[in-house]
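An overview of the molecular structure
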Amino acid sequence: MNSIKLEQIAKMYDTSIERGDEVILQGHFHVGYWDETNPNASFAEAAERFTQIMIDKVDIQAGERFCDLGCGIGVPSMQLAQAKGCFIDGITISQSQQKRAQQLAAEAGLSDQTHFIVGNALEMPCEDASYHGGWFFESIYHMDHRKALQEASRILKPGATLLIAEFSTRPTTTEEFIAVSKEYFHCFFINEEDYPELLDTVGFDLIEIDDVTEFVMTPLIPKLKSDSEYIQPIKSDNKSDSRNNLRNMSENLKYIIVTAQKR
Ligand SMILES: C[S@@+](CC[C@H](N)C(=O)[O-])C[C@H]1O[C@@H](n2cnc3c(N)ncnc32)[C@H](O)[C@@H]1O
């Protein structure tokens, strides 16, 4: 694997905040979910729907502690905190995202329930078995999967649920796409078939892998309006490049939600 350069990932997300992507995406730095119940939803509405689908899979009680590993500007954390009444620690590698997350939490009156820090999710500043649940919500593909899951295993309590929402490769994924994703977007995609062994060796039982490609990747291109491009162009600011990137993603990647339980 190419080496993962944390500074470059931080810079990519800092730049995204400076560029104002947050306004377009209304705070959701992940893809949307469209099915027969919301075919006309905007990108932001569908992204919020996706967060709700993740929240519905979270098994946590009010007052318990949850970790959001790669939290963006904290919007999914805040939605979860409001839905479940749990306490959330979110970590992002981007200082601009962390500042914005704290600001948004204060505005929403959620500063007591959410706490956002800048740092590396592979080195969580906490004791072993600190959390009752956690997720990597479209973030683990920026990390070494094995190390990230090892650290999640360390910080979760036995019986805790871990959710992972991420892109995964198809049998037809091209080498060129993989290379461009690594070089320009710092994305390291794996295959869903890698998950059972990865999870098992670091102390998780795999509960399920939910393939949601048809609700996430298939509608991506038709749904994306020219003013809501959320992936910056490769090598150029040309808009057609952005659409090509999205087309490449939708052709080359599946999308899965993995549910696992810490042994
Ligand atoms: C596509 S965004 C998803 C953000 C958020 N989970 C959401 O759904 O809106 C990826 C996130 O992963 C974070 N990230 C990437 N590598 C990281 C690392 N090693 N440690 C902590 N955060 C990381 C980025 O800072 C960014 O916040």
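In case you missed it, the structure is sitting above this.
What you see is a predicted model, and the numbers here were worked out from it, not measured in a lab.

All right, on to the sheet that holds strand β2 (residues 87-92) then. Spatially, 7 strands are ordered β3-β2-β1-β4-β5-β7-β6 in an open sheet, and the strand pairing comes out mixed. The open sheet has two edge strands, β3 (114-118) and β6 (204-211), and neither has a second partner. Along the sheet, successive strands turn relative to each other by an average axial angle of 15°, direction set aside. Across 5 bridges, the pairing between β2 and β3 is parallel. Paired with Ile91 across the strands is Ile117, a residue of β3. In this fold helix α4 (residues 75-84) packs onto β1 (65-69), β2, β3 and β4 (131-137), with an angle of close to 160° to the strand it touches most, β3. Against the sheet, helix α6 (residues 145-155) touches β1, β4, β5 (156-169), β6 and β7 (253-262), its axis set at about 155° to β5.

An ideal rise of 1.5 Å per residue puts 20 Å on 14 residues; helix α1 (residues 6-19) measures up with 20 Å between its terminal C-alpha atoms. For α1, the set of buried residues is Ile9, Ala10, Met12, Tyr13, Asp14, Ser16 and Ile17.

If you walk through the whole model with that rule in mind, you get 11 salt bridges. Here Glu208 and Lys57 are joined by a salt bridge, their closest N and O atoms 3.0 Å apart. Separated by 151 residues along the polypeptide, Glu208 in strand β6 and Lys57 in helix α3 (residues 43-57) bring together distant segments of the chain. With relative accessibility at 21%, the residue Lys57 sits in the partly exposed group. For Arg263, the salt bridge is made with Asp200, and the minimal N-O distance between the two is 3.1 Å.

This brings us to the nonpolar core. Within soluble globular proteins, side chains that are nonpolar tend to cluster in buried spots. In this structure, Phe50, Trp135, Phe167 and Tyr255 are the most contacted members of the largest nonpolar core, which totals 39 residues. Counting residues per element, the ones that place at least two in this core are α1, α3, α4, β4, β5, α7 (175-185), α11 (239-252) and β7. Broken down by element, this core gets its largest block of residues, 6 residues, from α3. Tyr255 has contacts with Val31, Phe50, Glu138, Ala165, Glu166, Phe167, Asp210, Asp211, Val212, Thr213, Val216 and Met217, leaving out every residue within four places of it along the chain.

So, about the site of the ligand. Around the ligand sit 23 residues in total, of which His30, Gly70, Thr92, Gln97 and Phe137 are the nearest. Between the ligand and the protein, one listed contact pairs a nitrogen atom with a backbone N or O atom of Ile93 at 3.3 Å. Phe137 places a polar main-chain atom, nitrogen or oxygen, 2.8 Å from a nitrogen atom of the ligand. Considered on its own, the ligand offers 590 Å² of accessible surface; in the complex 98% of this is hidden by protein. Among the elements of the structure, α1 and β2 are those that each provide at least two residues to the shell around the ligand. Looking at which element gives the most residues to the shell around the ligand, the answer is α1, with 3 residues. Its residues assigned to classes, the shell around the ligand shows 12 nonpolar, 10 polar and 1 charged.

Conventions adopted
Residues numbered from 1 in each chain as written. Predicted model: local features only at pLDDT ≥ 70, side-chain atom pairs only at ≥ 80, totals over all residues. Heavy atoms only, no water. Pairing = 2+ DSSP bridges. Helix = DSSP H or I, 4+ residues; strand = E, 2+ residues; numbered from the N terminus. Axes fitted to C-alpha atoms, helices over the stretch in contact; angles between N-to-C directions. Contact = heavy atoms within 4.5 Å. Expected span 1.5 Å × (residues − 1). Buried < 20%, exposed > 50% of the residue type's maximum accessible area, 1.4 Å probe, protein only. Salt bridge = Lys/Arg side-chain N within 4 Å of Asp/Glu carboxyl O. Core = buried A, V, L, I, M, F, W, Y, C linked by side-chain atoms within 4.5 Å. Near = heavy atom within 4 Å. Polar contact = N/O pair within 3.5 Å; in protein donor to acceptor, adjacent residues only side chain to side chain. Areas by Shrake-Rupley, 256 points an atom, 1.4 Å probe, with all protein chains shown as cover. Nonpolar A, V, L, I, M, F, W, Y, C, P; charged D, E, K, R; others polar.

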